[in-house]
Amino acid sequence: MKLIFEKSVKGRGMQYLPDCDVEEISLPDCLKREEAPKLPEISETDLSRHYTELIKRVHGVNCGFYPLGSCTMKYNPRIDEEMAALPGFTGVHPLAPDYATEGCKEVLDTAKTLLTEITGMDDMTFQPAAGAHGEFTGVLLIKQYHDARNDKKRTKIIVPDSAHGTNPATAAMCGYTVVNIPSAPNGCVDLDALKSALGDDTAGLMLTNPNTVGIFDENILEITRLVHEAGGLCYYDGANLNAVMGVVRPGDMGFDCIHLNLHKTFATPHGGGGPGSGAVGCKAHLAPYLPKSKLMTGKDAFQVRSFAGNFLVVVKALTYILTLGKEGIPEAAKNAVLNANYLMRKIQGTFEPAFDRICMHEFVLDLSAFKKETGVSALDVAKSLIDNGMHPPTMYFPLIVHEALMLEPTETESRETLDWAAEVYRNLYKLAHEDPDYMHASPHKAQIARPDEVKAARNPILKYQA
Ligand SMILES: *Cc1c(COP(=O)(O)O)cnc(C)c1O
């Protein structure tokens, strides 16, 4: 496919502006460009075809199955986008006077009421722009809480080895020493390891439940009790609330502080670096330390981002919650869990789950035995899935499972899609035994087969180079 610059023809374009009917005024020389900007010149037809061609080269939720674990790539109703596109929301200026932002304030207040109800928290901020940013904000709340009580000896944050990488990174960025504790064989927190890590230097624990292997930790009340008993606070990584929303609440599990990724669970598509929202909720004892925005409270205070955060993401979340309602929210969660268990059991017998028990919204396959047997790796399987018209699952995460593939089908997939996906997996399992070389060379039909991903990430070429 040619780049748009390569399609450019000098002088080509579309003229929409009427002839100038006022006196032309020349800019002073110091404001003028020395040479014309290097912009592609192309007709509207060719421009439209160019972008349509690009669209055909990507795989989105609108094109097909996208079970990327730990990312909740669900189909989001179009009404959420429509509400966020209303001119009254898109056109509002953050410095507009109060009388002109009443509607926006009501959106933020209502979203806060509903999301604190869903999570069992007392207060919330929408300032953080992403999950990691929310974690950073939340752990700072914990830090301020200890500091305010002059409890300076608490220098450590406990993080299980199955945690999302942003958890230890956050704790370190907030100036804490990270204490890693190993998981028990069932993927959950090892209570003995936790007990020996706890002490009067414990500032807190960061945990996600269901955890990163998709399992609900049944000892959660004991875990949070132990941390509190040691004088620490409990942080809940609620990036993926899809399995539990409307069913159980982090607040009732004993957590003091949480973040939600509105861009995973609550109707903003995740990925592509688009705007997100890492809303942070907390119990009353942490509320005095929350960053406040003018729009939210009417007074200025500590900020982690300008104004009210990514406001339109909150509009989508509110629309999503209101359209699903009190019955729809837990129903979505239960269907997400049902779909994950259904797919896991349908695939089982070929690729085996890392933990053979009921999973939550996602599950992890352990391909290490399969790789020994066939030489085909989790990467080879992921690449082969591309040829079959589905997005690969998350690979090589969580780190505690070797040759991991992590699938999250979400509640918005039909039984037919899940049956088809299971069939594809089962066929690939067979193919790996019959023709492993074919899988080593996959994908055969994609535009790009096996790029050097490290190089692409470290030295991306994002600009046209003539
Ligand atoms: C996605 C995710 C995060 C990080 O969220 P970002 O918005 O990507 O910063 C943190 N924790 C868990 C468990 C996640 O799945």
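Scroll up a little and you will see the structure.
Keep in mind that what you see is a predicted model, and the values were worked out from it rather than measured.

A look at the state of the cysteines
Moving on, step 1. Inspection of every chain in the model, using the stated rule, returns zero disulfides.
Moving on, step 2. Residue Cys71 stays outside any disulfide, its sulfur separated by 17 Å from that of Cys359, the closest cysteine.

Topic: the pattern of salt bridges
Moving on, step 1. Applying the stated criterion to the full structure yields 19 salt bridges.
Moving on, step 2. Among the salt bridges present, the one from Glu229 reaches Arg225, with a minimum N-O distance of 2.7 Å. With a gap of four residues between them, Glu229 and Arg225 both fall in helix H9 (residues 220–229), about one helical turn apart.
Moving on, step 3. Between Arg249 and Asp252 there is a salt bridge, with the nearest N and O atoms lying 2.8 Å from each other.
Moving on, step 4. Connected through shared salt-bridge partners, Arg149, Asp151, Lys153 and Arg154 make up one network.

Some points on the site of the ligand
Moving on, step 1. Near the ligand there are 13 residues, and of these Gly131, Ala132, Asp237, His263 and Lys264 occur at the shortest range.
Moving on, step 2. Between the ligand and the protein, one listed contact pairs an oxygen atom with a side-chain N or O atom of Asn261 at 3.0 Å.
Moving on, step 3. A distance of 2.7 Å separates an oxygen atom of the ligand from a polar side-chain atom of Lys264.
Moving on, step 4. Burial of the ligand by the protein amounts to 88% of the accessible area it has alone, namely 380 Å².
Moving on, step 5. A total of three residues in the shell around the ligand trace back to one element, the largest contributor, which is helix H6 (residues 131–148).
Moving on, step 6. Of the residues that constitute the shell around the ligand, the class distribution is three nonpolar, seven polar and three charged.

Notes on the sheet that holds strand E1 (residues 123–125)
Moving on, step 1. Reading across the sheet, the seven strands line up as E1-E7-E6-E5-E4-E2-E3 and stay open at both edges, with mixed pairing between neighbours. At either margin of the open sheet sits one strand with a lone partner, and together these are E1 and strand E3 (177–181). Averaged over all pairs of adjacent strands, the angle between their axes in this sheet comes to 20°, without regard to strand direction.
Moving on, step 2. Of the strands in this sheet, strand E2 (156–160), strand E4 (202–207), strand E5 (233–238), strand E6 (257–261) and strand E7 (278–282) touch H6, which is tilted by about 170° from E5.

Considerations on the side chain of Thr350
Moving on, step 1. Structurally, Thr350 can be placed in the loop between helix H12 (311–347) and strand E8 (363–366).
Moving on, step 2. Polar side-chain contacts of Thr350 include one of 2.6 Å to the backbone oxygen of Ile347.
Moving on, step 3. Not counting the four nearest positions on each side in its chain, Thr350 is found in contact with Arg426 and Tyr429.

Regarding helix H5 (residues 102–119)
Moving on, step 1. Taking 1.5 Å per residue as the helical rise, H5 with its 18 residues ought to reach 26 Å, and the 26 Å between its terminal C-alpha atoms agrees with that figure.
Moving on, step 2. Residues of H5 that are buried include every one of Cys104, Val107, Leu108, Ala111, Leu115, Thr116, Ile118 and Thr119, and no others. Buried residues in H5, looked at end-on, bunch into an arc of 150°, giving them a common side. What points out from H5, more than 90 degrees from its buried face, is the exposed set Glu106 and Thr113.
Moving on, step 3. Backbone geometry just downstream of H5 places Gly120 in the positive-phi region, at approximately 75°.

With respect to the packing of helix H14 (residues 378–387) against helix H15 (residues 415–434)
Moving on, step 1. Where H14 meets H15, the axes come as close as 11 Å, and the angle between the chain directions of the two elements is 125°. Classified by the angle their axes make, H14 and H15 are oblique. For H14 against H15, the interelement crossing comes out right-handed. On the side of H14, the interface is formed by Val381, Ser384 and Leu385, while H15 contributes Val424, Tyr425 and Leu428.
Moving on, step 2. Classifying every residue of the contact of H14 with H15 by side-chain character gives five nonpolar, one polar and no charged.

Remarks on the side chain of His146
Moving on, step 1. Tracing the backbone through its elements, the reader meets His146 in helix H6.
Moving on, step 2. Assessed through its relative accessible area of 1%, His146 is described here as buried.
Moving on, step 3. Setting aside residues no more than four positions away along its own chain, His146 makes contact with Asp151, Arg154, Tyr176, Ala203, Gly231 and Leu233.

Calculation notes
Residues numbered from 1 in each chain as written. Predicted model: local features only at pLDDT ≥ 70, side-chain atom pairs only at ≥ 80, totals over all residues. Heavy atoms only, no water. Disulfide = S-S within 2.5 Å. Salt bridge = Lys/Arg side-chain N within 4 Å of Asp/Glu carboxyl O. Helix = DSSP H or I, 4+ residues; strand = E, 2+ residues; numbered from the N terminus. Near = heavy atom within 4 Å. Polar contact = N/O pair within 3.5 Å; in protein donor to acceptor, adjacent residues only side chain to side chain. Areas by Shrake-Rupley, 256 points an atom, 1.4 Å probe, with all protein chains shown as cover. Nonpolar A, V, L, I, M, F, W, Y, C, P; charged D, E, K, R; others polar. Pairing = 2+ DSSP bridges. Axes fitted to C-alpha atoms, helices over the stretch in contact; angles between N-to-C directions. Contact = heavy atoms within 4.5 Å. Expected span 1.5 Å × (residues − 1). Buried < 20%, exposed > 50% of the residue type's maximum accessible area, 1.4 Å probe, protein only. Arc of directions from axis to C-beta. Parallel < 35°, antiparallel > 145°, perpendicular 65-115°, else oblique. Left-handed = near helix turned anticlockwise from the far one by under 90°.

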